[in-house]
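# Descriptive structure summary
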Amino acid sequence: MASSSAVAPPGTRLGPRQNLETPERVISALGGTVLGLVAAKRGGVSGALLGALGAALVARGATGAAPVKRLIGPGPDDKAAAKRQGWSSAAVFSRAVAINKPASEVYAFFRKFSNLPTFMENIAEIVETGDKHSRWTVTGPGGVKVSWDAVLTADEPGRLIAWKTLPGSTIENTGRVEFRDAPGGRGSEVHATIAYKPPGGTAGKLVAKLTQREPGIQIRRDLKRLKMLLETGEIATNAPQGTTPKS
Amino acid sequence: MRAVRWHGKLDVRVDTVPDPEIVNPRDAIIKVTSTAICGSDLHLYDAVIPTMQKGDILGHEFMGEVVDVGSAHKEKLNGHGLKVGQRVVIPFTIACGSCFFCEKQLWSCCDNSNPADNQDIPDALMGHSPSGLFGYSHMTGGYAGGQAEYVRVPFADTGAFAVPDHLEDEQVLFLTDIFPTGYMAAENCAIEKGDTVAIWGAGPVGQFAIRSAFLLGAERVIAIDHNPARLRLAAGAGADTLNFEEVDVLDALAETTAGRGPDSCMDAVGMEAHGVAIDNVADLAKQKMGIAFDRPHVLRQAIIACRKGGHVSVPGVYGGVIDNFPMGAVVNKGLTIKSGQTHVHRYLKPLLDHIEAGRIDPRVVITHRLPLDAAPMAYDQFKNNQDEFRKVVLKP
Ligand SMILES: NC(=O)c1ccc[n+]([C@@H]2O[C@H](COP(=O)([O-])OP(=O)(O)OC[C@H]3O[C@@H](n4cnc5c(N)ncnc54)[C@H](O)[C@@H]3O)[C@@H](O)[C@H]2O)c1
Ligand SMILES: [Zn+2]
Ligand SMILES: [Zn+2]
């Protein structure tokens, strides 16, 4: 049976995708046009890329769907999470990925927290410190290492894993990962939602986004790497070629 | 090692760079014995495909000898590990073999071969990311290409295809791309007995498409180009030819099909159409200003020419969004459009059989065999002297 929207984690509501008000759509489209014009002046390949991104923005303006909108202000999910956690503000990111493996297998891999750093780029290490407790060390902007302790808040084999940081952590966050068998026997779906209290509020989020360390991008890439690892046994890379001469 | 690197628009150089090494368990390192320059490389040379970076190693049509393999081959995972010393051709599309798309034989749609970070731009521009490709910009992987002495081949246990020793390199090299590309494009024409197929572009892809269309049972093939030698080669394969500089293509096609139009129409030209048609001149201006990637003149023409209920097959490469697309004709004439980067893996064995049986000789497209160091000249000539430089094979 297909799941109903009631079980969808926050941020993946199955309602209409159009979340831009009309004036914002006009601005988005105009922004796209401006990018196009800037591109026209710059010319060359970066110009062409800008032009295409401009075109993508115009398309967003036309369709009214705007993932980038979250940059400019908290959305309803962010506000709800902040309220639930008792934080001054919250940023919620959710993303799903389809994996060509049964949900039970994906759950089992994920439940072993020491596996997570193999596909989560910013997580340097996770040590399981007790039955329900683990110590996470992440590499933040500028390579600074930050650690926190987390406690499992839900663990349903083959179905759900959730955790939250202990009070007083440097970066307060919660995570919830749901595993479901996909319809039609097509492997499984992993739905991940991360909420965190942004350091420095909205501004910090923007800065983080610009340095590509922002969890919205991170969660998407990390889930893709999880998928690669489970489906192929390795994580695709174009790693710079080595320097040792061939034998 | 020596490798052909992209330094910017119309600027490729042969540089000395570090040798590649095994990174992942399923990798292999190939010592390249033959590698070709493709029409797709011209789109990079002309800098109309975004996300190239200075220093990128070019080339996606290559073959050679396995000189090193990752641990998965040694353990013979999947039962088909490669061995050092094997002679192989490498599909230009990189595919994992185990995702939803690979299992459906849609190899160029593989979910897992484009590194996660490189998928951001295609995700934003196209909704989803295609597979990784060798030497073809960072939005399809940023992988080092095959116009080099050595190449690292990811997922080599799925991609690398062993070829028999009694066939020389030039007989099997084009299994890497243009023969499967022409063949898949002909398949996408859904040819039925008695059909007439019109093919725009008599470049290497068009040449294989013409021959494949006949293999698949076309009654008549019409090749359209303006390079006389390319049209002569098409005629040699049994095609009728149209020179778009001498005739009005739409009029000529209507005339020669008694008004009905070709049963299927193929765009084997892609985003850099030539000609002074008014829409093409406007597209050229937009491309020069950097506000458009593509000049879809041929695609528009193919749609208008195609008979009602017919198939439009598009092997030609496009990169972005296009203006003035005749959607009304597609809907009201009930056309089917099929396209794609080629699912090369699907065609390796069946097309090798055609070569072995002598039903097609891929060597006919080759005009030049040159050392790797001649690449800068070869790119320049392939762009500016197309009629003479039809297909260049480089020998590293
Ligand atoms: N889909 C794939 O997987 C795939 C694989 C390989 C190549 N390609 C693409 O196929 C296309 C052709 O490749 P190629 O190697 O044969 O390139 P090519 O540049 O050698 O040939 C293109 C031919 O098109 C002709 N042409 C240009 N404008 C025309 C017009 N208005 N009408 C008719 N003909 C016209 C040119 O004269 C030339 O002979 C390119 O876009 C290339 O990127 C796609
Ligand atoms: Zn090619
Ligand atoms: Zn795959």
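Predicted, not measured: the structure shown is a model, and the values here were computed from it. (Residues numbered from 1 in each chain as written. Chains lettered and ligands numbered in written order. Predicted model: local features only at pLDDT ≥ 70, side-chain atom pairs only at ≥ 80, totals over all residues. Heavy atoms only, no water.)

### Focus: the coordination of the zinc ion (ligand 3)
Residue and element names in this part refer to chain B. Protein coordination at the zinc ion (ligand 3) comes from Cys96 (SG), Cys99 (SG), Cys102 (SG) and Cys110 (SG), with a distance range of 2.3 to 2.5 Å. Each of the four donor atoms bound to the zinc ion (ligand 3) contributes to angles spanning 102 to 116 degrees, and the resulting shape is tetrahedral. The sequence motif formed by the donor residues of the zinc ion (ligand 3) is C-x2-C-x2-C-x7-C. Under the relative-accessibility criterion, Cys102 is labelled buried at 2%. Its relative accessible area of 0% is what places Cys110 among the buried residues. (Donors = N, O, S within 2.8 Å, 3.2 Å for Na, K, Ca; no water. Tetrahedral: all angles 85-135°; square planar, octahedral: opposite > 155°, others 65-115°. Buried < 20%, exposed > 50% of the residue type's maximum accessible area, 1.4 Å probe, protein only.)

### Section: the coordination of the zinc ion (ligand 2)
Residues and elements named next belong to chain B. For the zinc ion (ligand 2), the full set of protein donor atoms is Cys38 (SG), His60 (NE2), Glu61 (OE) and Asp177 (OD), at a range of 1.8 to 2.4 Å. Classification of the site at the zinc ion (ligand 2) rests on its four donor atoms, whose angles at the metal span 84 to 136 degrees, yielding the label irregular. Sequence positions of the donors to the zinc ion (ligand 2) reduce to the motif C-x21-H-E-x115-D. With Cys38 in the loop between strand E3 (28-36) and helix H1 (39-45) and Asp177 in the loop between helix H6 (169-172) and helix H7 (178-187), the pair connects residues that are 139 residues apart, well separated along the chain. The pair Cys38 / Asp177 is uniform in exposure class, with both members buried. (Helix = DSSP H or I, 4+ residues; strand = E, 2+ residues; numbered from the N terminus.)

### Here's the deal with the pattern of salt bridges
This model, assessed by the stated rule, comprises 36 salt bridges over all chains. Through salt bridges with shared partners, one network takes in A:Glu121, A:Arg220, A:Arg221, A:Asp222, A:Arg225, B:Asp117 and B:Asp120. (Salt bridge = Lys/Arg side-chain N within 4 Å of Asp/Glu carboxyl O.)

### Focus: the sheet that holds strand E4 (residues 56-57) of chain B
Residues and elements named next belong to chain B. Spatially, the three strands line up as an open sheet ordered E2-E1-E4, and their pairing is antiparallel. If you trace the sheet from one side to the other, it starts and ends with strand E2 (11-16) and E4, each paired once. Inspection of the sheet shows strand E1 (residues 2-8) paired to E2 by six bridges, in the antiparallel sense. When the sheet's bridge partners are listed, Trp6 is paired in E2 with Val12. In the packing of helix H15 (residues 375-384) onto the sheet, the strands contacted are E1 and E2, and the crossing angle to E2 comes to about 160 degrees. (Pairing = 2+ DSSP bridges. Contact = heavy atoms within 4.5 Å. Axes fitted to C-alpha atoms, helices over the stretch in contact; angles between N-to-C directions.)

### Quick word on the packing of H7(B) against helix H14 (residues 348-356) of chain B
Residue and element names in this part refer to chain B. With their axes 11 Å apart at the nearest point, H7 and H14 run at an angle of 105 degrees to one another. Taken together, H7 and H14 sit at an angle that is classed as roughly perpendicular. Across the interface between the two elements, Phe179, Pro180 and Tyr183 of H7 pack against Leu351, His354 and Ile355 of H14. The residue makeup of the contact of H7 with H14, split by class, is five nonpolar, one polar and no charged. (Parallel < 35°, antiparallel > 145°, perpendicular 65-115°, else oblique. Nonpolar A, V, L, I, M, F, W, Y, C, P; charged D, E, K, R; others polar.)

### Details of the nonpolar core
Residue and element names in this part refer to chain B. One finds Phe174, Leu175 and Phe179 to be the most contacted residues of the largest nonpolar core, which totals 72 residues. Residues from two domains meet in this core; each of domain 1 (2-176 + 342-395) and domain 2 (179-339) gives at least three. Beyond its immediate sequence surroundings of up to four residues, Phe179 is in contact with Phe174, Phe208, Ser212, Leu351, Ile355 and Ile360. (Core = buried A, V, L, I, M, F, W, Y, C linked by side-chain atoms within 4.5 Å. Domains from an automatic or database assignment.)

### So, the site of ligand 1
Residues and elements named next belong to chain B. Near ligand 1 you find 34 residues, and of these Ser40, His43, Asp225, Arg230 and His274 are the closest. The backbone of His274 places a nitrogen or oxygen atom 2.8 Å from a nitrogen atom of ligand 1. Coverage of ligand 1 by the protein amounts to 97% of the 870 Å² it exposes when considered alone. When residues of the shell around ligand 1 are traced back to their parent elements, those giving at least two are H1, helix H8 (204-215), strand E12 (220-225) and helix H12 (297-305). Element by element, the count of residues in the shell around ligand 1 is highest for H1, at four residues. Grouping the amino acids of the shell around ligand 1 by side-chain chemistry returns 15 nonpolar, 16 polar and three charged. For the shell around ligand 1, the domains that each give at least three residues are domain 1 (2-176 + 342-395) and domain 2 (179-339). (Near = heavy atom within 4 Å. Polar contact = N/O pair within 3.5 Å; in protein donor to acceptor, adjacent residues only side chain to side chain. Areas by Shrake-Rupley, 256 points an atom, 1.4 Å probe, with all protein chains shown as cover.)

### Points about the domain arrangement of chain B
Residue and element names in this part refer to chain B. Partitioning chain B into structural domains gives domain 1 (2-176 + 342-395) and domain 2 (179-339). Domain 1 and domain 2 are separated by 26 Å when their C-alpha centres are compared. Contact with domain 1, which involves 30 residues of that partner, is made by 23 residues of domain 2. Taken over both partners, the interface formed by domain 1 and domain 2 buries close to 2500 Å², and the fraction arising from carbon and sulfur atoms is 68%. Counting only elements with at least two residues in the side of domain 1 that touches domain 2, the list comes to H1 and H14. For the side of domain 1 that touches domain 2, a count of residues per class yields 18 nonpolar, six polar and six charged. (Buried area = accessible area lost by both parts, 1.4 Å probe.)

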